[in-house]
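These are the residues of each chain, in order.
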Amino acid sequence: MLKTLLVYPLTAAGGYLFYKLGLPLPWMIGPIIVAAAIGIFELFEFRIPVQTRPFGQMVVASQVGLSFSPAVFASLLQLAPLLVGMAIVIIITAFLIAIALSRMARVPLTSAMIATLPTSPVEAAIVGERYGFPPAPIILSQTMRISLVVVLIPMAIFFIDGETARVARAFNADYDIVSIVSLLVLSGIGMYLFRKLKISNPFFLGPLAFSSAITAAGIQFEPYPSVILWAAQVVLGTWLGSNFRRSLFSSAGRMMVASVVSTFMFIAASALIAAGLSVFVDLSWETLVLASTPGGVTEMALTAKFLGIDVALITAFHLTRIFIVIPSIPFIIDRIHRLEGR
């Protein structure tokens, strides 16, 4: 327990270092790299409980919900065909990448598809166990995808666009205690209800639903001060980085190299599709790259906020994909599994 508590000051120090160096998304990327380094090099044994992640998701989701004004909702409805179309394209891309992963890692296509579809590592591992696949390689592949997306995409956009993204680094010391307490209470209610209803990703979608509904109704809350949002990112980054352990890499075998290669392929393919699409629609290539990137909705919302890109729009793209992918996973995996059986 003491070693686990020791991790957070170390990962927060990594975030502070990245912040002082002027790097993008420092309070998320810094902790990911520090926690991963501790686990991979086995500096000391620690275990970050998955129960810590809801705090980070709750804070980020309720803050993102403040972007969903009535005008934003109206504009998102007009973009509905694009949102759905992008989600379907990403699913098709995931299938093609899964074929490549299956051949490189010499694993069944069913297992490769579970490891590739943009969903959470835990949910993917549970689906894999239903078909008798070991969870470790699936978790590795899913975690590798999210981590590489979080690290590479902000860095790429940040350095391509230069100084324009640094505006989001301003420190917000203002706070309203009523807004903070109200957002936290609403988030807690949303998490509880969505979990009871067994809705996927309740710790993000519950707070987001309540926060965005209140905002759309015309009630405005003040955003969290920077220190709370930074703390949420440190918690998320530490948990994500803690999944990388030497034992996991050694047990994965060929899957480790194949996962890295296939993840780069997935990111590159998504970015190229987005860049090509930006020629035909009235959205910037940065927006479409973030919208199509196969990362987690929490991480991509934070990235959009840091880079000064429309947070509500990016969140809407990823939520649309989630609501299409998650219910479709049993059908997709079952059909692939039957096809392989033949």
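Look above for the structure.
Here the structure is a predicted model, which means the values were calculated and not measured.

Caption draft 1: Summary view of the pattern of salt bridges. The tally for this structure, following the rule as stated, stands at 6 salt bridges. In this structure, glutamate 42 and arginine 246 form a salt bridge, with 3.7 Å as the shortest nitrogen-oxygen distance. Of this pair, glutamate 42 sits in the loop between helix 2 (26-40) and helix 3 (53-65) while arginine 246 sits in helix 12 (residues 246-252), and the two are 204 residues apart along the sequence. Assessed through its relative accessible area of 40%, arginine 246 is described here as partly exposed. Residues joined by salt bridges that share partners form a network here, namely Glu45, Arg47 and Arg245.

Caption draft 2: Region of interest: the side chain of threonine 116. Of note, threonine 116 is situated in helix 6 (residues 109-116). For threonine 116, a relative accessible area of 4% gives the class buried. Apart from the residues within four sequence positions on either side, threonine 116 is in contact with Ala94, Ile97, Ala98, Leu101, Gln142, Arg145 and Phe266.

Caption draft 3: Spotlight on the packing of aromatic side chains. Scanning the model with the defined rule gives 6 aromatic pairs in all. Ring geometry for phenylalanine 158 versus phenylalanine 159: centroids 5.3 Å apart, planes at 80°, classification edge-to-face. Residue phenylalanine 159 is classed as exposed on the basis of its relative accessible area, which comes to 53%. Aromatic pair phenylalanine 158 and phenylalanine 306: ring centres 6.1 Å apart, planes at 45°, arrangement tilted.

Caption draft 4: Broad picture of the environment of glutamate 123. Following the sequence through the fold, glutamate 123 ends up in helix 7 (residues 121-130). Overall, the relative accessible area of 27% leaves glutamate 123 in the partly exposed class. Between the C-alpha atoms of glutamate 123 and serine 200, which are 77 residues apart in sequence, the distance is 9.0 Å. In this view, glutamate 123 contacts Ser200, Asn201 and Ile326; residues no more than four positions away in its chain are not counted.

Caption draft 5: Structural context of the environment of leucine 184. Tracing the chain through its elements places leucine 184 in helix 9 (residues 177-196). Residue leucine 184 is classed as partly exposed on the basis of its relative accessible area, which comes to 32%. As for leucine 184 and isoleucine 332, which are separated by 148 residues in sequence, their C-alpha atoms are 37 Å apart.

Caption draft 6: The side chain of arginine 53, seen in detail. With respect to the secondary-structure elements, arginine 53 resides in helix 3. Overall, arginine 53 belongs to the buried group, its relative accessible area being 15%. Beyond its immediate chain neighbours, meaning those up to four positions away, arginine 53 contacts Leu236, Trp239 and Glu299.

Reading the values: rules and limits
Residues numbered from 1 in each chain as written. Predicted model: local features only at pLDDT ≥ 70, side-chain atom pairs only at ≥ 80, totals over all residues. Heavy atoms only, no water. Salt bridge = Lys/Arg side-chain N within 4 Å of Asp/Glu carboxyl O. Helix = DSSP H or I, 4+ residues; strand = E, 2+ residues; numbered from the N terminus. Buried < 20%, exposed > 50% of the residue type's maximum accessible area, 1.4 Å probe, protein only. Contact = heavy atoms within 4.5 Å. Phe/Tyr/Trp six-rings, centres within 6.5 Å; stacked < 30°, edge-to-face > 60°.

In short, shape yes, function no, at least from these values alone.
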